[in-house]
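Each chain is listed here by its residues.
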Amino acid sequence: MDRFRIPHILNSQLTTDFLIIGAGFSGLVVAERLAAAGWKCVVADRRSHIGGNAHDCADAAGVLIHPYGPHYFRTDSPQIVDYLSRFTTWHDVAYTIKSHTRGRYWSFPINLNTFEEYLGRASTTAEFSAWLVKSRVPIDVPQNSEEVIISQVGRELYEWFFEGYTHKQWQRHPRELDASVCGRVPIRTNRDDRYLSETFQAMPSHGYTALFENLLAATPGIELHLGVDWLEAKARWDCKHLIFTGAIDEYFGYCFGPLPYRSLRFEHESFTPEELRPRESVSEKPGFWQPAMQVNYPDTDVPFTRIVEIKHATGQKIDASTIVREYPMDWLPGREPYYPIPAPDAHAAYQKYAQLAAVEPRASFIGRLATYRYSNMDQVAALALAEAARLIARHGSNTPRPHS
Ligand code: UDP
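Summarised in this report is the structure supplied together with it.

The rules we used
- Residues numbered from 1 in each chain as written.
- Predicted model: local features only at pLDDT ≥ 70, side-chain atom pairs only at ≥ 80, totals over all residues.
- Heavy atoms only, no water.
- Helix = DSSP H or I, 4+ residues; strand = E, 2+ residues; numbered from the N terminus.
- Rg over C-alpha atoms; globule rule 2.2 N^0.38 Å.
- Buried < 20%, exposed > 50% of the residue type's maximum accessible area, 1.4 Å probe, protein only.
- Areas by Shrake-Rupley, 256 points an atom, 1.4 Å probe, with all protein chains shown as cover.
- Lys, Arg positive; Asp, Glu negative; His and termini not counted.
- Charge placed at Lys NZ, Arg CZ, Asp CG, Glu CD.
- Contact = heavy atoms within 4.5 Å.
- Polar contact = N/O pair within 3.5 Å; in protein donor to acceptor, adjacent residues only side chain to side chain.
- Pairing = 2+ DSSP bridges.
- Near = heavy atom within 4 Å.
- Nonpolar A, V, L, I, M, F, W, Y, C, P; charged D, E, K, R; others polar.
- Axes fitted to C-alpha atoms, helices over the stretch in contact; angles between N-to-C directions.
- Left-handed = near helix turned anticlockwise from the far one by under 90°.

**Overview of the overall build of the protein**
Reasoning step 1: Of the regular secondary structure elements, the protein holds 15 helices and 17 strands.
Reasoning step 2: For 404 residues, the compact-globule estimate of 2.2 N^0.38 gives 22 Å, and the protein sits close to it at 23 Å.
Reasoning step 3: By principal-axis analysis of the C-alpha atoms, the protein measures approximately 70 × 50 × 35 Å.
Reasoning step 4: Within the span of the protein, comprising 404 residues, buried residues form 55% of the whole.
Reasoning step 5: In the form shown here, the protein has an accessible surface area of approximately 17900 Å², with 52% of it arising from carbon and sulfur atoms.
Reasoning step 6: Each charge class in the protein can be summarised by its mean position, and for the 42 positive and 47 negative side chains these summaries are 3 Å apart.

**Remarks on helix α3 (residues 112–119)**
Reasoning step 1: Residues L112, N113, T114, F115 and E116 constitute the buried set of α3.
Reasoning step 2: At its buried positions, α3 is contacted by β8 (104–108), α4 (125–135) and α6 (155–170).
Reasoning step 3: Capping the start of α3 is the job of one residue whose side-chain oxygen sits 2.8 Å from the backbone nitrogen of N113: N111.
Reasoning step 4: Remark: G120 follows α3 within two positions and exhibits a positive phi of approximately 80°.

**Observations regarding the sheet that holds strand β16 (residues 339–340)**
Reasoning step 1: Here 7 strands make up an open sheet; going across it, the order is β8-β7-β13-β14-β15-β12-β16 and the pairing mixed. Every other strand in the sheet has two partners, leaving β8 and β16 as the edge strands with one partner each.

**Things to note about the site of the ligand**
Reasoning step 1: Around the ligand, the structure places 16 residues, and the nearest of them are T166, Y195, N296, Y339 and Y374.
Reasoning step 2: At a separation of 2.8 Å, an oxygen atom of the ligand approaches a polar side-chain atom of T166.
Reasoning step 3: Within the contact set of the ligand, an oxygen atom lies 2.9 Å away from a side-chain nitrogen or oxygen of R184.
Reasoning step 4: Protein contacts shield 94% of the accessible area of the ligand, which totals 520 Å² for the unbound molecule.
Reasoning step 5: Elements supplying a minimum of two residues to the shell around the ligand: α6 and α7 (179–183).
Reasoning step 6: The dominant element in the shell around the ligand, judged by the number of residues it contributes, is α6, at 6 residues.
Reasoning step 7: Grouping the constituent residues of the shell around the ligand by class yields 11 nonpolar, 3 polar and 2 charged.

**Thoughts on the pairing of strand β12 (residues 261–271)**
Reasoning step 1: Bridge analysis of β12 against β16 gives 2 bridges, and the strand direction is antiparallel. The partner of R262 across the bridge, within β16, is Y339.

**With respect to the packing of helix α1 (residues 25–36) against helix α15 (residues 377–395)**
Reasoning step 1: Remark: α1 packs on α15, axes separated minimally by 8 Å, with the N-to-C direction vectors making an angle of 35°. Handedness of the α1/α15 crossing: right-handed. Contacts between α1 and α15 involve F25, S26, V29, V30, R33 and L34 on the former and, on the latter, M377, V380, A381, A384, L385, A388, L391 and I392.
Reasoning step 2: Among the residues forming the contact of α1 with α15, the class breakdown is 12 nonpolar, 1 polar and 1 charged.

**Looking at unusual backbone geometry**
Reasoning step 1: The amide bond that connects F108 to the next residue, P109, takes the cis arrangement and shows omega of 5°.
Reasoning step 2: Residue placement: P109 occurs in the loop between β8 and α3.
Reasoning step 3: At R362, a residue that is not glycine, the phi angle is positive and equals roughly 55°.
Reasoning step 4: With respect to the helices and strands, R362 occurs in the loop between α14 (344–358) and β17 (363–365).

**Here's the deal with the environment of R368**
Reasoning step 1: With respect to the secondary-structure elements, R368 resides in the loop between β17 and α15.
Reasoning step 2: A residue is classified by how much of its surface remains accessible, and R368, at 24% relative accessible area, is partly exposed.
Reasoning step 3: C-alpha of R368 to C-alpha of H206: the two residues are 162 residues apart in sequence and 24 Å apart in space.
Reasoning step 4: Setting aside its immediate chain neighbours within four residues, R368 contacts Y338, Y339, P340, R373, Y374, S375 and V380.
Reasoning step 5: At 3.1 Å, the side chain of R368 and the backbone oxygen of S375 are in polar contact.

What is shown is where atoms sit, not what they do.
Following this line, the structure appears as structure tokens:
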């Protein structure tokens, strides 16, 4: 634990090769690569733990939870799997979820099972495909999140499953969001009801925090300082190059005003085995509260967007279970900026900061908040690896350690 301690040196500046702000996916991956190339890396994070929003931990009931919302690792990149597999083994998960509307659970994302539930009888891919051809609104190139869904399934299923959920989540109409937002959700005419489509879908066997602990343990050149915010770190360490993974508007002192973000409030509730027993007819298996790892609630009279019971996905063997209700909130200073807003006006506002970042000497900006992109974990890791490779190409290696 010594390396987590802040040195007691006042009024004197310390030096490092690379100063990395943020101990999440981006910060730790870039630090690992640079340290493996022999460079001294200081990683500072204002939070008291590693892993950023992917951090996981046991709650009071002993259940492994994702305190900052569910993190479902998936990728189509064998390189990312190979790289992360140095620090973890994997627990395969077919991530399956449900939607709850009109008083019942539905198979989701929309697939042939959903169509059969809608019809109330058995059907076929051919019948569903023909129904979609009749129902969909012909739009060649969808320009927003409403168009991307109505052009695939028509207005009725869009209104049932997407319109209310999206409005609650983003506080904007789907028409005011990029097509990529609702376009993330697959729509299938077969019975594949997995929420995600990537070829590799798995969670780190012992969780994300364990993965990052293994990364740190395997990389002696990283010095980690928790509970140190960005301005404090900047004042304390002089460096060859800074890598910033926090919010880009914060880095530039909000000089063009704050960018828009969405925040979340999480409400956790744990259940003992005795409390779970009466739920067995709902959860369909003992030891769980609901029938899937995630149930979405698109109805606008329900204040939360989803309930996550992550034990379905982690595979943890424990009798208790914990559910988490997610309440979207506006972002205000002091709240966590969970989501950049994927919309034309927000991208335009970000561009002003991006132009400053492009000419910032000796600084790199990576990660969801610093690039203002709605990226998944594998994309964030890929960007961190690419940035580390670029920096190593520029600065070279510094007496590489034998294991690098
Ligand atoms: N979405 C929706 N209904 C759903 C699930 C998703 O309208 O039942 C929309 C919503 O706008 C959401 C987006 O699709 O923000 C992406 O969903 P995803 O589950 O990938 O969101 P994340 O897990 O990243 O919050």
